[in-house]
Amino acid sequence: MEWISARLRDRGLDLRVVAAENYEPQDGRAVYRFFELFDLPNIPKIDNLLRANAEGRVTITPPIKPYLEEKTWFALFWLKPLHEFWRRELGEKYFTQLQKVIPYSWLLDPTPLPQHAVIPRLEIHDWREAAKFSQKDRDLLLKVSGFSPLGWGSRGISLGSDLAHAEWEKRIDNALATFDSSPTILQRFHKGRLFEHRYWDADSAELKTMKGRVRLCPYYFVEADRVKLRGALATIVPADKKFLHGMRYAILLPSRTER
């Protein structure tokens, strides 16, 4: 961001990077935030910025919308009692399309089930039964909600097949115990497809090729009350890495949609 700000200043734009901890809002300015919303208690003067944003004196990007940092949405989308709600709000076409791209997700809710009920697709009556799954059946991911200090950089992710039985059981127990403060979802684990991409190696000052897996983070913008996809951040990690995030070994590059 320092580099981008310097390039834009060369073009006459008054942009700079400042510390969020002591930032005082200036009327009419646009603010691009680096911090996540779970971090608000650690920013002493955040109330001034939030008030200025609420009063329309400054604009903040990404917008202050906590629900956009929640992985719980994946599980809520698949809840059977909410199907008619989603179908009505999204329309049949988009509801069906999202079912194809959103992986089936479970919410680890510790609420006891009736004796005759089971958790769909897992066919278990209690989450602690999942702790007894064999290594083959533990090809499952635990993901803490995005609205958590652990909800980024793979810190809050656990792959059952990579863990010993006792550790997997411990992770499930912890997810159930922290449900009220940091909900956790469960998803099937799928490896991304391998492909090759070039990158610049600063040490050797030459282009090299890496085989890896890619994660695409789309960027949507609201323009004239319409939501438009304007590009994506492609993060490519080495083939031996199972979790895809902005690690030091990754290639990060911008992508855009073809017109």
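Preceding this section is the structure that the text describes.
Residues numbered from 1 in each chain as written. Predicted model: local features only at pLDDT ≥ 70, side-chain atom pairs only at ≥ 80, totals over all residues. Heavy atoms only, no water.

(A) Layout of the packing of helix 4 (residues 83-90) against helix 5 (residues 92-101). Running from N to C, helix 4 and helix 5 cross one another at 120°; their axes reach a closest spacing of 6 Å. Classed by the angle they form, the pair helix 4 and helix 5 counts as oblique. Judged by the twist between their axes, the crossing of helix 4 over helix 5 is right-handed. Counting all contacts with helix 4, which are made through His83, Trp86, Arg87 and Leu90, the residues of helix 5 involved are Glu92, Tyr94, Phe95, Leu98 and Gln99. Residues belonging to the contact of helix 4 with helix 5 are distributed by class as follows: 5 nonpolar, 2 polar and 2 charged. (Axes fitted to C-alpha atoms, helices over the stretch in contact; angles between N-to-C directions. Helix = DSSP H or I, 4+ residues; strand = E, 2+ residues; numbered from the N terminus. Parallel < 35°, antiparallel > 145°, perpendicular 65-115°, else oblique. Left-handed = near helix turned anticlockwise from the far one by under 90°. Contact = heavy atoms within 4.5 Å. Nonpolar A, V, L, I, M, F, W, Y, C, P; charged D, E, K, R; others polar.)

(B) Layout of the pattern of salt bridges. Taken as a whole, this structure holds 17 salt bridges when the rule is applied. With a shortest N-O distance of 2.7 Å, arginine 87 and glutamate 92 are connected by a salt bridge. Look at glutamate 92 and you get partly exposed, because its relative accessible area is 43%. Taken together, the salt bridges that share partners define one network made up of Asp14, Arg16 and Arg29. (Salt bridge = Lys/Arg side-chain N within 4 Å of Asp/Glu carboxyl O. Buried < 20%, exposed > 50% of the residue type's maximum accessible area, 1.4 Å probe, protein only.)

(C) Structural context of the pairing of strand 6 (residues 184-188). With 4 of 5 residues buried, strand 6 lies mostly within the body of the structure. The pairing of strand 3 (residues 105-107) with strand 6 spans 3 bridges and is classified as antiparallel. When the sheet's bridge partners are listed, tryptophan 106 is paired in strand 6 with leucine 186. Where strand 4 (residues 140-144) lies against strand 6, 5 bridges are found, and the strand directions are antiparallel. Counted as the bridge partner of leucine 140 is arginine 188 from strand 6. (Pairing = 2+ DSSP bridges.)

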